[in-house]
Amino acid sequence: MEALQDVAHISGRPGLFRIIKPGRSGVIVESMDGNKKREIVNVNAKVSVLKDISIYSEEYDKSTPLAEIFTTLKEQHGEKIDFDTKKSTPAEFFTFFEGVMPDFDKERVYSSDVKKIIQWYNLLAKEMPELWETKAEEPKAEKEPKKKPAKKK
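Residues numbered from 1 in each chain as written. Predicted model: local features only at pLDDT ≥ 70, side-chain atom pairs only at ≥ 80, totals over all residues. Heavy atoms only, no water.

**Quick notes on unusual backbone geometry**
(1) Moving on: Even without being a glycine, K36 presents a positive backbone phi close to 55°.
(2) Moving on: Within the secondary structure, K36 is located in the loop between β3 (26-31) and β4 (38-42).
(3) Moving on: What makes K36 partly exposed here is its relative accessible area of 38%. (Helix = DSSP H or I, 4+ residues; strand = E, 2+ residues; numbered from the N terminus. Buried < 20%, exposed > 50% of the residue type's maximum accessible area, 1.4 Å probe, protein only.)

See below:
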């Protein structure tokens, strides 16, 4: 899931953004909401790259990367998670997330975090389906050592 390196969440803004390239006054991003609107995000804005986000575990020093959570969600729910994030209670969010990550820390992970994860997964599955495609490794052909030219006498 190296493609998560190119996707970010900007604090205070809904949705996800594809990182295009760094600019002089910030980062150029493109919205992933279907409009593909490009803009420059100021250097002072809090931009979190999805590859760097982890979910707290009950063990104090352990956390699970978001990429692993997305992989588990893909295995369990397929292309789309059918979960009503607007009408669900915090208890329902936690019950759902226990099926994905049984050892998450219930004191440091909030229902709003689980809601974001569900929304992000559905958005990424729609906008970046290549994210879950596994690359087939090509078998490496054994190289024959190059023969040195025979010395002439």
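Okay, back to it.
**Here's the deal with the packing of helix α1 (residues 66-77) against helix α2 (residues 90-100)**
(1) Moving on: Closest axis-to-axis distance for the α1/α2 pair is 9 Å, and the angle between their directions is 95°. Considering the angle they form, α1 stands roughly perpendicular to α2. Contacts from I69, T72, L73, Q76 and H77 in α1 reach F96, F97, G99 and V100 in α2.
(2) Moving on: Partitioning the contact of α1 with α2 into residue classes produces 5 nonpolar, 4 polar and no charged. (Axes fitted to C-alpha atoms, helices over the stretch in contact; angles between N-to-C directions. Parallel < 35°, antiparallel > 145°, perpendicular 65-115°, else oblique. Contact = heavy atoms within 4.5 Å. Nonpolar A, V, L, I, M, F, W, Y, C, P; charged D, E, K, R; others polar.)

**Considering the sheet that holds β4**
(1) Moving on: Here we have 5 strands laid out as an open sheet, ordered β4-β3-β2-β1-β5, and antiparallel in their pairing. Only two strands of the sheet have a single neighbouring strand rather than two, namely β4 and β5 (47-49). On average, adjacent strands in this sheet sit at an angle of 45° to one another, irrespective of strand direction.
(2) Moving on: The sheet contact formed by strand β1 (residues 7-10) and strand β2 (residues 17-22) spans 2 bridges and is antiparallel. By the bridge assignment for β2, A8 is matched with F17. (Pairing = 2+ DSSP bridges.)

**Section: the layout of surface pockets**
(1) Moving on: There is about 350 Å³ of room inside the largest pocket.
(2) Moving on: Taken together, the elements giving at least two residues each to the lining of the largest pocket come down to β6 (54-56) and α3 (111-127).
(3) Moving on: Ranked by residue count, the leading element in the lining of the largest pocket is α3, at 4 residues. (1 Å grid on protein atoms, 1.4 Å probe; cavity = no way out; pocket = protein on both sides within 12 Å on 5 of 7 lines; lining within 4 Å. Points joined across faces, edges and corners; volume = space filled by probe spheres on them.)

**Let's talk about the packing of aromatic side chains**
(1) Moving on: Per the stated rule, a full pass over the model turns up 5 aromatic pairs.
(2) Moving on: Their ring planes at 45° and their centres at 6.1 Å tell us that F70 and Y121 sit as a pair that is tilted. Separated by 51 residues along the polypeptide, F70 in helix α1 and Y121 in helix α3 bring together distant segments of the chain. Across the pair, Y121 and F70 agree in class, each one buried.
(3) Moving on: Every member of this aromatic cluster is reached through a ring pair, and the members are F83, F93 and F96.
(4) Moving on: The ring centre of F104 lies 4.7 Å from the NZ or CZ of K106, which sits over that ring. (Phe/Tyr/Trp six-rings, centres within 6.5 Å; stacked < 30°, edge-to-face > 60°. Lys NZ or Arg CZ within 6 Å of the ring centre and 35° of its normal.)

**Some words on the pairing of β4**
(1) Moving on: The pairing of β3 with β4 spans 5 bridges and is antiparallel. Bridge pairing in β4 links I28 to I40.
(2) Moving on: Counting the residues in the hairpin turn of β3 and β4 gives 6 residues, including G34, whose phi is positive at 105°.

**Concerning the side chain of T64**
(1) Moving on: By the secondary structure assignment, T64 is in strand β7 (residues 63-65).
(2) Moving on: When neighbours within four sequence positions are excluded, T64 is seen to be in contact with S54, I55, I69 and M101.

**Focus on the pairing of β1**
Along any regular strand the residues' side chains alternate between the sheet's two faces.
(1) Moving on: By the alternation rule, side chains of β1 split into V7 and H9 and A8 and I10, which are all buried.
(2) Moving on: Hairpin connection from β1 to β2: 6 residues lie between these consecutive antiparallel strands, with G12 at a positive phi of about 90°.
(3) Moving on: Here β1 runs beside β5; their pairing, made up of 3 bridges, is antiparallel. Bridge assignment links A8 to a residue of β5, and that residue is V49.

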